[in-house]
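Inside the fold
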Amino acid sequence: QSDKFTQRVLYKLKLKLAERELELILDGNLESVVNNLCKYFLNEPGEFSLYKGVFLYGTIGCGKTMIMNCIQAVISENRMKNFFPIVNCRAVVNEFNEEGFAGIKKYCNAQMIETSATNEIGDKIKKHSPFFMFDDLGAEQDGWHYGNKINILSEIILSRYIYFQRIGVKTH
């Protein structure tokens, strides 16, 4: 099943790159990363631990978000249960700046998602799963709300890690 899934993801990746008039150069490293990510999201054994979240890193523009967008699209098309919204970290900080801690509850644990998700992303989360992909982690500023300065993503990730230890909810 992972080979078919991987081929669909790679096809979507080629289409996205063609839209930007770029060509996909499929070297062994990229193919291995995409293949292992696909196995991970299919819950099949590979090089990534199925018991942890995924942390992709690399230089700006190397394709991390594009790969995850393609994986997300294939998961969504197949109505798979492990759908994950891609959330920009700067947007999360802006939510905190505008709404305070109430604005970020949906990212902290799955129980809060059920009661606090009211926007479009929140509606998708409620219908699917409590997984998230936080994009551009480390590029965000600290948040401010009524004099409270806080590293929002640090707090969210710590909260989700505690939740992961309790019941296994992953964060990517």
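As a reminder, the structure under discussion sits directly above these lines.
These figures come from a predicted structure and were not determined experimentally.

**Quick word on helix H4 (residues 89–99)**
- What H4 keeps buried is the set Cys-89, Val-92, Val-93, Glu-95 and Phe-96. Projected onto a plane normal to the axis of H4, the buried residues spread over an arc of 155° and lie on a single side.
- Where the residues of H4 are buried, they touch strand S1 (86–88), helix H5 (105–108), strand S2 (133–135), strand S3 (143–145), strand S4 (148–150) and helix H8 (152–167).
- Just past H4, the residue Gly-100 takes up positive phi, approximately 75°.

**A word on the environment of Glu-47**
- Secondary-structure assignment places Glu-47 in the loop between helix H2 (28–41) and helix H3 (64–77).
- Sequence separation between Glu-47 and Asn-36 is eleven residues; the distance between their C-alpha atoms is 6.2 Å.
- Once residues lying within four places of it in the same chain are set aside, the contact partners of Glu-47 are Ser-32 and Asn-36.

**Quick notes on the packing of aromatic side chains**
- Inspection of every chain in the model, using the stated rule, returns seven aromatic pairs.
- Residues Phe-132 and Phe-134 carry aromatic rings whose centres are separated by 5.7 Å and whose planes lie at 15° to one another, so their mutual orientation is stacked. Just as Phe-132 is buried, Phe-134 falls in that class too.
- Taken together, Tyr-40, Phe-41 and Phe-84 form an aromatic cluster joined through their ring pairs.

Calculation rules
Residues numbered from 1 in each chain as written. Predicted model: local features only at pLDDT ≥ 70, side-chain atom pairs only at ≥ 80, totals over all residues. Heavy atoms only, no water. Buried < 20%, exposed > 50% of the residue type's maximum accessible area, 1.4 Å probe, protein only. Helix = DSSP H or I, 4+ residues; strand = E, 2+ residues; numbered from the N terminus. Arc of directions from axis to C-beta. Contact = heavy atoms within 4.5 Å. Phe/Tyr/Trp six-rings, centres within 6.5 Å; stacked < 30°, edge-to-face > 60°.

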